[in-house]
Amino acid sequence: MFEPSAGPRVFALDPGVDFPRAVLAGLRDRLEGLAPEAAGRVDLIVNTRRMQRRLRALFDAGPPMLVPRILLLTELDLLEPGLPLPSAVPPLRRRLELMQLVAPLLESERDLAARSALFDLTESLAALMEEMEGEGVGPDRIAALDVGDMSGHWQRTLSFIRIVQGFIDRSGEAPGPEARQRMLVERLTQSWSSAPRSTPVILAGSTGSRGTTKLLMEAVSRLPQGAVILPGFDFEMPKAAWAQFEKRLESEDHPQYRYFDLMAGLGLGPDDVRRWTDTPPPSRPRNALVSLSLRPAPFTDAWLSEGQTLAALSEATADITLLEAPDPRAEALAIAMRLRLAAEDGQTAALITPDRMLTRQVAAALDRWNILPDDSAGMPLHLSPPGRFLRHVAALFSTRIDAEALLELLKHPLSHSGSARNQHLLLTRELELRIRREGLPYPDAPELARIMQDAPSDGAARWADWVGHSLADRKRDGARPLADWVADHISLAEAIAGGPDADGPGALWQMNAGQKAFEVMTRLAREAPHGGELRAAEYAALLGGLLSGEEVRDRDAPHAGIMIWGTLEARVQGADLVILGGLNDGSWPEPPAPDPWLNRTMRLDAGLLLPERRIGLSAHDYQQAVAAPEVWLTRSIRSDDAETIPSRWLNRLQNLLGGLESRGGPAALEAMRMRGAAWLGRVRAFEAVVQGAPAARPSPAPPVPARPRALSVTEIKTLIRDPYAIYARRVLRLEPLGPLVQGPDALIRGTLAHEVMERFIRGVSGDPARLTRAALLAEAQGVFAEGAPWPAARAMWLARVDRMAQTFLAAERRRHDTAQPVAFEAKGNLEWQDIGFRLHGRADRIDRGPDGRVTIYDYKTGSPPSEKEQRAFDKQLLIEAGMIEAGAFEDIGPSSVAAAVFIGLRDGRDVPAPLADEPPGEVLAKLKALILEYLSPDQGFTARRAMQKSDFPGSYDQLSRFGEWDVTTQPLREILA
């Protein structure tokens with residue numbers, strides 16, 4: 001198929017050429033005139049499964065011919081089936097074995113890292129070991145590095161390298177995947193050197209960035225009928241520019257450096273690389289422009305000389321759109337709108353970006369037009385429904401479950417998916433309402449049974465028992481064998497997914513994501529005996545890492561012409577329209593991952609890959625993609641919280657165009673921007689909201705029969721300050737939902753503080769000698785232990801009690817000298833039968849003096865209201881005084897009120913009610929008049945009528961649409977029928 005060649009045979013294709021189609025075209029040309037079976041003898045090696053599928057599809061499209069054997073780089077065993085090689089040790093087993101060696105090191109040298117970093121350290125160490133095996137670098141070469149200061153960090157690194165040493169020493173018998181791949185390539189090279197293959201072998205699409213792949217490319221190119229086809233080779237770059245790559249540290253991040261390194265190893269120059277076909281790129285002028293813009297930083301002086309030789313820049317940039325969006329949302333929507341137009345016009349279009357958040361935003365925007373893009377990356381398994389479910393279940397072993405985590409699991413689409421899921425969802429809803437109403441921060445089986453015992457639903461008790469025993473009380477302490485964790489995890493996950501009446505695991509292992517999750521868990525169970533013992537949190541971290549390393553594609557058929565590619569797929573694919581999204585520094589290129597083991601110089605000396613290699617590969621992806629027939633370059637000027645920096649390659653292109661005034665560069669750049677601005681205008685028009693009339697400040701006037709006929713004393717303050725809240729609660733019967741996870745808020749603190757005071761005063765009544773700080777703190781400690789499952793909050797509240805104890809106890813001794821407590825939490829009811837209204841309330845404490853008069857006390861954990869506030873708004877104690885004198889408290893009877901006092905539990909000080917200025921009888925008369933006003937059909941319940949502060953939130957602000965109006969807006973009374 002190939003003419004004899006004295007040297008290695010290397011071909012290439014220009015950036016922008018549809019690589020698979022051109023590979024097939026060149027192969028057909030070279031097979032022309034040969035026997036039909038000649039095609040069947042060709043071995044074509046490619047680097048991605050997507051390219052393998054595309055080549056097969058192109059062959060299937062015709063014309064008819066025998067199809068070459070298309071192999072992946074991971075299928076090289078098929079080239080020489082008889083080579084004696086051991087099987088590769090599964091990567092998971094290697095990581096589990098490494099974990100067992102890293103864990104004792106962390107235990108013995110605790111300054112190395114925290115135990116919680118076990119999985120991350122193991123993963124990083126495994127990646128280093130695989131890189132060393134792939135590049136043929138032994139641990140002895142690392143240990144022999146010349147490190148002048150022999151710092152403590154380097155000594156710690158060597159302790160980890162010694163762990164790697166043992167694995168690499170036995171790689172001949174039990175190699176890892178990378179070690180076995182390199183052994184296979186070395187064996188193939190030796191075999192071909194002694195007995196070269198006579199049938200064609202073609203390696204297409206690889207760049208030689210990894211040592212093993214480069215070794216294979218060199219061996220294939222030297223075969224009598226072997227050839228290497230490089231994607232995106234820059235034929236526009238002059239020889240002088242290629243020579244500049246000899247300075248590796250200054251050139252590694254250039255897109256063409258890998259090809260220079262490959263050619264240097266083969267003894268070739270740029271002129272020795274031939275075009276595989278004569279297929280021209282979509283735009284040679286654009287390729288030349290981009291090539292010049294990407295010169296290594298020390299050699300950009302070529303812009304001044306070579307820039308003047310470029311063709312007209314208006315032609316080079318005619319099909320480039322530069323979109324600089326104000327934010328990521330606008331960028332995603334603009335991309336989605338362009339992809340939609342491509343779908344309507346029948347164009348093939350691809351979004352290429354390493355920014356997975358951007359791809360998700362674009363996919364979500366396309367969903368409104370029922371366009372499902374063909375996403376090459378799919379969804380990370382840990383973000384899929386089965387992945388999230390498995391992680392939630394694993395967390396049950398390591399943390400005490402709270403109400404939020406409980407409901408999160410119960411509402412998960414896989415929970416109780418075996419049978420009767422509708423009933424499960426109804427009961428879950430009922431449980432949530434009860435948790436929000438009663439508060440249940442840390443549910444357990446007894447509490448769940450109690451809270452659901454009177455639920456109006458069949459099977460509620462049995463369901464609550466299943467929830468309690470399946471989800472609650474699952475926390476496990478101490479280390480256990482990994483096999484036990486996996487078995488318990490799978491068993492519990494299947495039990496929760498199936499439900500109490502199901503025979504199997506429900507929908508847990510169904511669909512693509514479920515099958516992939518089952519594969520991961522099965523693999524983990526198979527290798528678990530190699531994992532030793534782990535703690536619960538370490539098992540959860542291990543599981544999360546395994547799930548995040550897998551991708552799953554949806555089974556639904558995507559749109560054939562709208563694609564989302566990662567940068568790897570973009571190297572060897574073709575599309576009519578290519579959108580390079582997220583062109584900001586940090587995405588293009590992605591920053592190199594931090595290396596905890598070796599710095600750049602040490603990597604260079606050891607023969608390992610430099611961090612700039614990844615940048616160079618990303619630059620090559622950019623150079624290949626920007627050469628497409630039509631190109632969009634997009635970025636957002638701001639991220640969610642800060643200004644962004646343009647990608648270095650976009651910045652170079654703009655700077656080069658801006659400096660070539662004589663070639664029309666600034667005008668070409670402005671035209672690119674204008675095309676992008678036009679699409680941003682469409683985005684603004686698409687998202688424009690037609691503003692209607694502003695919302696009015698509501699003041700509803702419901703029918704008199706619907707108005708409340710009973711209120712509590714504490715609700716009178718609300719009636720005065722925010723009548724709309726009374727309307728919403730008592731007329732519409734809308735109760736505000738409590739928090740899902742009850743925290744140590746002011747309501748809980750106040751309830752428990754009242755309980756402390758009642759128990760303490762009851763205990764010391766009649767015995768003033770027991771009014772001591774120790775007794776008060778002991779009582780508080782007991783109450784907080786019973787009602788506050790938050791250790792930090794208990795300690796803080798106890799400290800508050802301690803701070804106010806001295807002042808409070810001194811005042812309490814004075815109170816005991818003049819009166820004795822006669823009632824705690826006393827209930828009172830006052831009926832105004834003439835207007836058909838009932839007033840009810842509860843007094844925290846009532847003391848009676850020797851003269852028969854009583855004193856009312858109310859405990860305040862916050863700041864007690866001032867006398868001025870009590871006169872106008874907060875009339876709680878004044879009203880209770882009036883109720884006592886009117887005989888509303890049966891246990892007390894009609895009594896004269898000597899005083900009414902707020903006891904501040906923040907500082908222990910008393911704030912009396914102004915009884916002299918507001919006699920109880922007058923207060924009740926004024927209150928009755930106020931109630932009569934609100935029983936009038938014309939009186940509206942105005943929203944936020946007299947709030948203490950304008951920024952105080954109300955429970956019904958969303959219902960009243962507060963924010964669309966403010967306190968200066970006149971109320972709009974609406975008489976309701």
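I will try to describe carefully the structure that is included in this document. Owing to the predicted nature of the structure, the values given are computational and were not obtained by experimental measurement.

Reading guide: rules and limits
- Residues numbered from 1 in each chain as written.
- Predicted model: local features only at pLDDT ≥ 70, side-chain atom pairs only at ≥ 80, totals over all residues.
- Heavy atoms only, no water.
- Pairing = 2+ DSSP bridges.
- Helix = DSSP H or I, 4+ residues; strand = E, 2+ residues; numbered from the N terminus.
- Phe/Tyr/Trp six-rings, centres within 6.5 Å; stacked < 30°, edge-to-face > 60°.
- Buried < 20%, exposed > 50% of the residue type's maximum accessible area, 1.4 Å probe, protein only.
- Lys NZ or Arg CZ within 6 Å of the ring centre and 35° of its normal.
- Axes fitted to C-alpha atoms, helices over the stretch in contact; angles between N-to-C directions.
- Parallel < 35°, antiparallel > 145°, perpendicular 65-115°, else oblique.
- Left-handed = near helix turned anticlockwise from the far one by under 90°.
- Contact = heavy atoms within 4.5 Å.
- Nonpolar A, V, L, I, M, F, W, Y, C, P; charged D, E, K, R; others polar.
- Expected span 1.5 Å × (residues − 1).

1. Examining the pairing of strand S19 (residues 820-832)
Move 1: Both S19 and strand S20 (residues 837-848) contribute to a ladder of 11 bridges, which runs antiparallel. In the strand pairing of S20, Glu831 is matched with Arg838.
Move 2: Here S19 hands over to S20 after 4 residues, with Gly836 in that stretch at a positive phi of 65°.

2. Observations concerning the packing of aromatic side chains
Move 1: Here the structure, examined in full by the defined rule, presents 22 aromatic pairs.
Move 2: When the ring of Trp242 is compared with that of Phe245, the centres are 5.7 Å apart and the planes differ by 85°; the resulting orientation is edge-to-face. There is no split in this pair, since Trp242 and Phe245 are both buried.
Move 3: In this structure an aromatic cluster arises from ring pairing among Phe233, Phe235, Trp242, Phe245, Tyr257, Tyr259 and Phe260.
Move 4: In this structure, Arg721 packs its charged tip against the face of Phe873, placed 3.8 Å from the ring centre.
Move 5: Over the face of the ring belonging to Tyr857 we find Arg845, whose NZ or CZ atom lies 4.9 Å from the ring centre.

3. Remarks on the packing of helix H23 (residues 511-527) against helix H24 (residues 536-548)
Move 1: Put simply, H23 and H24 touch, their axes get as near as 11 Å, and they point 130° apart. Considering their axes alone, H23 and H24 lie oblique with respect to each other. For the element pair H23 and H24, the recorded crossing hand is right-handed. Every residue of H24 that contacts H23 at Val520, Met521 and Leu524 is listed here: Tyr539, Leu542, Leu543, Leu546 and Leu547.
Move 2: By residue class, the composition of the contact of H23 with H24 is 8 nonpolar, no polar and no charged.

4. Structural notes on the sheet that holds strand S1 (residues 10-12)
Move 1: Taken together, the 6 strands give an open sheet; going across it, the order is S3-S2-S4-S5-S1-S6, and neighbouring strands pair in parallel fashion. Among the strands making up the open sheet, the edge pair consists of strand S3 (69-72) and strand S6 (274-275).
Move 2: Two strands pair when backbone bridges link them, and S1 and strand S5 (residues 226-230) are joined in this way by 3 bridges, in the parallel orientation. Within S5, the residue paired with Phe11 across the bridge is Ile229.

5. So, helix H27 (residues 612-625)
Move 1: Its 14 residues place the ends of H27 20 Å apart at the C-alpha level, agreeing with the 20 Å of an ideal helix rising 1.5 Å per residue.
Move 2: Within H27, 13 of the 14 residues are buried, leaving the element largely enclosed by the surrounding structure.

Keep in mind that these numbers describe shape and distance, not what the molecule does.
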